[in-house]
Amino acid sequence: MNVILLGPPGAGKGTQAELLVKTHGLVQLSTGDMLRQAKASGSELGNRVAEVMERGELVTDDIVIGLIKEKLASSDAKGFIFDGFPRTLAQADALGGLLEEAGVTLSAAIELQVNDKILVKRILNRAEQAKAAGQPVRADDNEETLVQRLEAYHAQTAPLIDYYAGKGVLKPVDAMGEIDAIANELAAIVSEAGA
């Protein structure tokens, strides 16, 4: 079973992916986490990733696809949750090729639907809570970068909604409610897709 979580930054993809990992035993492939790990490594690739992320831009397809290919090849998981990938039509085509190469299919592309204005408030609140708790605040958790990331999402990632609808695997979910209610809806979709 392989599931894609679509939605703008801060829509709850990471939170919901973690809950699906616990309930369905899938492996979460978060490109955001993989990129943050690369950034923290201090390697040449990590420094390139850091520069791109701090500008609020998307990293190149070849870097992201290489990371995903490594993870698919090195795991014997019963399925994956793609969190933050694909972000472009080119990446969607590349993922389709990678899955085909691995002999597996895409079960569902779940679109977490949110209101941009409320989303910005949610992210700024997340940053304030982290700061108040003495935890590190993500470099991209500021209004200017978030607005840039939302613009990039709408320009480059939103076309995936029609792409996956055309393949008959798109499942829209209202992601403005309570975490548990959203999780229950996602769990039902994943259970149905895996049946």
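As a reminder, the structure under discussion sits directly above these lines.
Here the structure is a predicted model, which is why all the values come from computation and not from measurement.

## What to know about the overall build of the protein
In terms of helices and strands, the protein carries nine helices and five strands. A compact globule built from 195 residues would reach a C-alpha radius of gyration of about 16 Å, and the protein, at 16 Å, matches this within 12%. Projecting the C-alpha coordinates of the protein onto the three principal axes gives extents of approximately 45 × 40 × 30 Å. By sequence separation, contacts in the protein at least 24 residues apart represent 75% of the contacts at least 6 residues apart. When the accessible area of the protein is evaluated, it comes to approximately 10,100 Å², of which 50% is carbon and sulfur surface. Averaging the positions of the 19 positive and the 28 negative side-chain charges in the protein gives two centres separated by 3 Å.

## Things to note about the layout of surface pockets
Quantified by volume, the second largest pocket comes out at close to 190 Å³. Residue assignment for the lining of the second largest pocket shows that the elements contributing at least two residues are α5 (89-102) and α8 (159-166). If you tally residues by element for the lining of the second largest pocket, the top one is α5, at five residues.

## Remarks on α8
Those residues of α8 that sit buried are Leu160, Ile161 and Tyr164. For α8, the angular spread of the buried residues around the axis is 110 degrees, confining them to a single face. Looking at α8, the residues exposed on the side facing more than 90 degrees away from the buried face are Asp162 and Gly166. In this fold, the buried residues of α8 make contact with β1 (2-6), α5, β4 (108-113), α7 (143-157) and β5 (170-174). After α8 finishes, the residue Gly168 shows a positive phi value of roughly 75 degrees.

## Topic: the packing of α5 against α8
Here α5 crosses α8 at 35 degrees, and the two axes come no closer than 9 Å. Touching Leu89, Ala92, Asp93 and Leu95 of α5 are Pro159, Leu160, Tyr163 and Tyr164, all from α8. The class makeup of the residues in the contact of α5 with α8 is seven nonpolar, no polar and one charged.

## Some remarks on empty space enclosed by the protein
Counting across every chain of the model gives one cavity of 30 Å³ or more. As a volume, the largest cavity reaches approximately 60 Å³. In terms of lining residues, the largest cavity is bounded by Thr31, Leu35, Leu58, Val59, Val64, Gly84, Phe85, Arg87 and Gln91. Partitioning the lining of the largest cavity into residue classes produces five nonpolar, three polar and one charged.

## Some remarks on the pattern of salt bridges
Evaluation of the coordinates by the stated rule reveals three salt bridges. The closest approach of N and O atoms between Lys39 and Glu54, which form a salt bridge, is 3.7 Å. Here the residue Lys39 occupies a position in helix α2 (residues 31-41), and Glu54 occupies one in helix α3 (residues 44-54), the gap between them amounting to 15 residues. The salt bridge involving Glu128 is made with Lys131; its shortest N-O contact spans 3.5 Å. Of this pair, Glu128 and Lys131 are both found in helix α6 (residues 116-132), three residues apart, which corresponds to roughly one turn of the helix. Look at Glu128 and you get partly exposed, because its relative accessible area is 46%.

## Observations regarding the pairing of strand β3 (residues 80-83)
Taking every second residue as pointing to the same face, both faces of β3 are buried, with Phe80 and Phe82 on one and Ile81 and Asp83 on the other. Relative to β3, β1 runs parallel, the two sharing four bridges. When the sheet's bridge partners are listed, Leu5 is paired in β3 with Asp83. Pairing geometry for strand β2 (residues 27-30) and β3, over four bridges, is parallel. Residue pairing for β3: Ser30 is matched across the bridge by Asp83.

Reading the values: the criteria
- Residues numbered from 1 in each chain as written.
- Predicted model: local features only at pLDDT ≥ 70, side-chain atom pairs only at ≥ 80, totals over all residues.
- Heavy atoms only, no water.
- Helix = DSSP H or I, 4+ residues; strand = E, 2+ residues; numbered from the N terminus.
- Rg over C-alpha atoms; globule rule 2.2 N^0.38 Å.
- Contact = heavy atoms within 4.5 Å.
- Areas by Shrake-Rupley, 256 points an atom, 1.4 Å probe, with all protein chains shown as cover.
- Lys, Arg positive; Asp, Glu negative; His and termini not counted.
- Charge placed at Lys NZ, Arg CZ, Asp CG, Glu CD.
- 1 Å grid on protein atoms, 1.4 Å probe; cavity = no way out; pocket = protein on both sides within 12 Å on 5 of 7 lines; lining within 4 Å.
- Points joined across faces, edges and corners; volume = space filled by probe spheres on them.
- Buried < 20%, exposed > 50% of the residue type's maximum accessible area, 1.4 Å probe, protein only.
- Arc of directions from axis to C-beta.
- Axes fitted to C-alpha atoms, helices over the stretch in contact; angles between N-to-C directions.
- Nonpolar A, V, L, I, M, F, W, Y, C, P; charged D, E, K, R; others polar.
- Salt bridge = Lys/Arg side-chain N within 4 Å of Asp/Glu carboxyl O.
- Pairing = 2+ DSSP bridges.

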